[in-house]
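Summary of structural features
Below, each chain spelled out in residue letters.
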Amino acid sequence: MSNRGKVALVLAGGQIGMKYNPQTNSCQPTVTAEEMLSWLPQELAGKIFVVDWSRQPSSHYTIRMTSDLVQILSKTVVDGADGIVVACGSDTLEEMAYLTDLYWAYPQPVIFTAATLPSDSRGSDASINLYQSVLASFSRECWGMGVLACLQDQLFAASEMTETASQRRNSFSAPDRGPVAQFIGDRVDILRQKRRAQVLEEKGSPARDVELLFASLGSNDKMVEFLASDEKRELDGLVIAGFGSGNVPPSWIPHIKKLVKDDIPVVITSRCPQGHTRGMPYTFEGNMARLLEIGVFDGGGLRPLQARLRLAVALGAGLSRQELQAYLLEE
Ligand SMILES: NC(=O)C[C@H](N)C(=O)O
């Protein structure tokens, strides 16, 4: 049967598909696809087809699995779907949605959603988040906006939002930017258009082993030394979340130099939630400008989690050094 004019509901695990079991005092992924569809008005549910992809907690997913998911989503729109809702876990929604956005070249909207509370808890956000996601995925106004996240009456651009709280129903936000749309009753009210970064669609699979290292007060060089001396050569790239505008402890420098010499791309970003590598002209050891002289890539205003995914995508696409640097700085 044709899926033309329909929306795909892709089940990708997380709390939104869970119920609380008081006997075992645990949340279990026992919500069936039919049950989820029953949260929606019948006429909407009738225009949805379900893709039961995976029922795992989102902390079990990987970059490679998310790129497999992107393939499934692409096939779904090529086969005629008008939009897609991905119901997943909140823990890695931010990264799964961002990675999907880096690859998503179709105009059809992809809406990621999740729930903070299991669907059978009082005040659960599961059914309202699903309902509003479905409305957004059917909305022509969301075409061309790339990947969005729908949570608590708002739509956020995948490239702007972040999980700012772990246990609130309003745990996602887009600091300094705000949502791109909101719901007024059942109507999607577009607030602004967001320019999207270059899409590297179908240009190879993302690199598997890109690590992220967080600088912290007085942290010694053990971790970076370990990564730099990886004999098996499994590391594809490294992102460093540096202090302030991208500075690191001086003891890290010899190891970073070794990584660069061994042709492992290293990207420096700021660990500040609203940070950027643009900073004052320092000359002290380990500062951002000195790192660039060594051959480290500039992560600009990307959050460390975003830089890691961009690096994985760029390495998979085989970008040159120059192209990679431009891609990391593209807003
Ligand atoms: N609220 C959630 O979905 C959290 C859950 N642990 C997850 O799979 O991400």
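Heads up: these notes are all about the structure in this document. (Residues numbered from 1 in each chain as written. Predicted model: local features only at pLDDT ≥ 70, side-chain atom pairs only at ≥ 80, totals over all residues. Heavy atoms only, no water.)

Observations regarding the site of the ligand
Note the threshold: Residue proximity to a molecule or strand is established when one non-hydrogen atom of the residue lies within 4 Å of it. Contacts described as polar in this section are N or O atom pairs within 3.5 Å, which, within protein, must combine one atom able to donate a hydrogen with one able to accept it, while residues neighboring in sequence count only if both atoms come from side chains. Computed with a 1.4 Å probe, the accessible areas rest on the Shrake-Rupley method; for each residue, only the protein chains presented here act as cover. Charged residues are taken to be Asp, Glu, Lys and Arg, nonpolar residues to be Ala, Val, Leu, Ile, Met, Phe, Trp, Tyr, Cys and Pro, and polar residues to be all remaining types, Gly included.
Neighbouring residues of the ligand: Gly 14, Gln 15, Pro 57, Ser 58, Gly 89, Ser 90, Asp 91 and Ala 115. At 3.0 Å from an oxygen atom of the ligand is found a main-chain nitrogen or oxygen belonging to Gln 15. Taking Asp 91, its main chain carries an N or O atom lying 2.9 Å from an oxygen atom of the ligand. Contact with the protein chains hides 84% of the accessible area of the ligand, taken as 270 Å² for the molecule alone. Class assignment for the residues of the shell around the ligand results in two nonpolar, five polar and one charged.

Some thoughts on the pattern of salt bridges
Quick note on the threshold: Every case where a carboxyl oxygen of Asp or Glu lies within 4 Å of a side-chain nitrogen of Lys or Arg is listed as a salt bridge. Going along the chain from the N terminus, every DSSP run of H or I of four or more residues is numbered as a helix, and every run of E of two or more is numbered as a strand. Only protein chains enter the calculation, and the probe is 1.4 Å; a residue is then buried if its accessible area is under 20% of its type maximum, exposed if over 50%, and partly exposed in between.
Counted under the stated rule, the structure contains 11 salt bridges. Of the charged contacts, one joins Arg 303 and Glu 94 as a salt bridge, the two residues approaching to 3.9 Å between their closest N and O atoms. Placement of Arg 303 in the loop between β16 (297-298) and α9 (304-317) and of Glu 94 in helix α4 (residues 93-103) is noted, with a sequence separation of 209 residues between them. No difference in accessibility class separates Arg 303 from Glu 94, as the two residues are buried. In this structure, the salt-bridge partner of Glu 293 is Arg 290, at a minimum N-O distance of 3.8 Å. A residue pair is termed a helical-turn pair when its members lie 3 or 4 positions apart in one helix, as Glu 293 and Arg 290 do in helix α8 (residues 288-294) at three residues. With relative accessibility at 63%, the residue Glu 293 sits in the exposed group. Overlapping salt bridges bring together Glu 160, Arg 177 and Arg 192 as one network.

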